Amino acid sequence: MTMTRRTLGLGALALGTAAALPFTARAEAFAVRMTGQHRGLLRGEGFAIPTYHVNFVTSQQATSVASITARTRLAMVMEGPDQALMRRLTNEAYADLRAQMETAGLALMPVEETRAMTREARLEELPGNQEIAGIGPGITIGASLKRGWASFGPDAAPALSALRGMRGPGLGQIGAISALNPLNRRPEMAGKVALAPSLVLDFARMDAARPGLFGGAASVNGNVAFGLLAESQVSAVKPARLGMGTPGVFRVRDSVFSPTRFAELVQGGAAVRAGPSFADTIDDSYRAIQRARGDAVVIDIPVWEGLVRDAYRGYNAAVVEAVRSQQG
């Protein structure tokens, strides 16, 4: 017998209730704090921003397995924001960081000079300045959480292949640390520091409980909530005239979620992956083209846009403060 427990939060109201309660957009402060920054990495006479990734989580799937016949799965798919909107917000986030750094008195390499440098250093850019990924196949033993995402870079500082994907601890972070090494020994970077932010924004919080050693119910939980994740980080390198310079990463200390209601939940309203035998095919709205159904999280665009702007401003402010704290 499959045991399922599903919890829907403030943003995940049923359609009838949601229709009676209008969405309201409001400015919201995201109190973001950084960890891992140090003077040996961030102290410089000037700064370059060769890229700025914004990663939007677009689908989530929580699976819990007690036995071959006792398992449960909860899937949510974000619907509404299109690629054009995500690209525009990515451009805004990059411009906002540059503006905040300049206001703080941190000298910045001009945009065109930075762009020319990344090309000459042969930093490989993501094809189409994007990465779109659905939830891939796999076998769950115990419990698992999987995600799909859409990542973009700004037009003036495209996304880099070496920083692609949702970066977590371990091998992903090791790759991020070395991503900017081609900027070493560049004469225009003498005394400067290169920064490559990667912001991760989510639309739901999900959990899958692993059954106990001696059995137990398979259960999953999920609630709709806009969040700025602790996976958001900044890859950096302080190049050297000779050798490899000082590479490193600093990141958001804790995930920050908003209580603002920004979406409606339509149960069974989205196509999702049904099992490992199906092809990983997604459409223009990042939905898997399959017969299995999951829950659609239908976004109220103006409210969601406001939350994205509040989030990138808070993240950028934390980046600026982290850099400023290491100067002098």
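Residues numbered from 1 in each chain as written. Predicted model: local features only at pLDDT ≥ 70, side-chain atom pairs only at ≥ 80, totals over all residues. Heavy atoms only, no water.

### Description of the pairing of strand β10 (residues 246–252)
Sheet analysis places strand β1 (residues 34–35) next to β10, joined by 2 bridges and oriented antiparallel. Paired with Met34 across the strands is Val252, a residue of β10. In terms of strand pairing, strand β9 (residues 233–238) meets β10 through 6 bridges, oriented antiparallel. Paired with Val237 across the strands is Pro247, a residue of β10. (Pairing = 2+ DSSP bridges. Helix = DSSP H or I, 4+ residues; strand = E, 2+ residues; numbered from the N terminus.)

### Observations regarding the environment of Gly36
Topologically, Gly36 is positioned in the loop between β1 and α2 (39–42). Through-space distance from the C-alpha of Gly36 to that of Arg251 is 6.6 Å; in sequence the pair is 215 residues apart. Filtering out sequence-adjacent residues up to four positions away, Gly36 remains in contact with Val249 and Phe250. (Contact = heavy atoms within 4.5 Å.)

### Notes on the pattern of salt bridges
Applying the stated criterion to the full structure yields 10 salt bridges. Where Glu120 meets Arg186, a salt bridge forms, and the shortest distance between an N and an O atom there is 2.6 Å. Highlighted residues: Glu120 in helix α4 (residues 111–120) and Arg186 in the loop between α5 (171–178) and β7 (192–209), separated in sequence by 66 residues. With relative accessibility at 53%, the residue Glu120 sits in the exposed group. A salt bridge links Glu188 to Arg186; the nearest nitrogen and oxygen atoms lie 3.2 Å apart. Several salt bridges converge on common partners, so that one network encompasses Arg88, Glu92, Glu305 and Arg309. (Salt bridge = Lys/Arg side-chain N within 4 Å of Asp/Glu carboxyl O. Buried < 20%, exposed > 50% of the residue type's maximum accessible area, 1.4 Å probe, protein only.)

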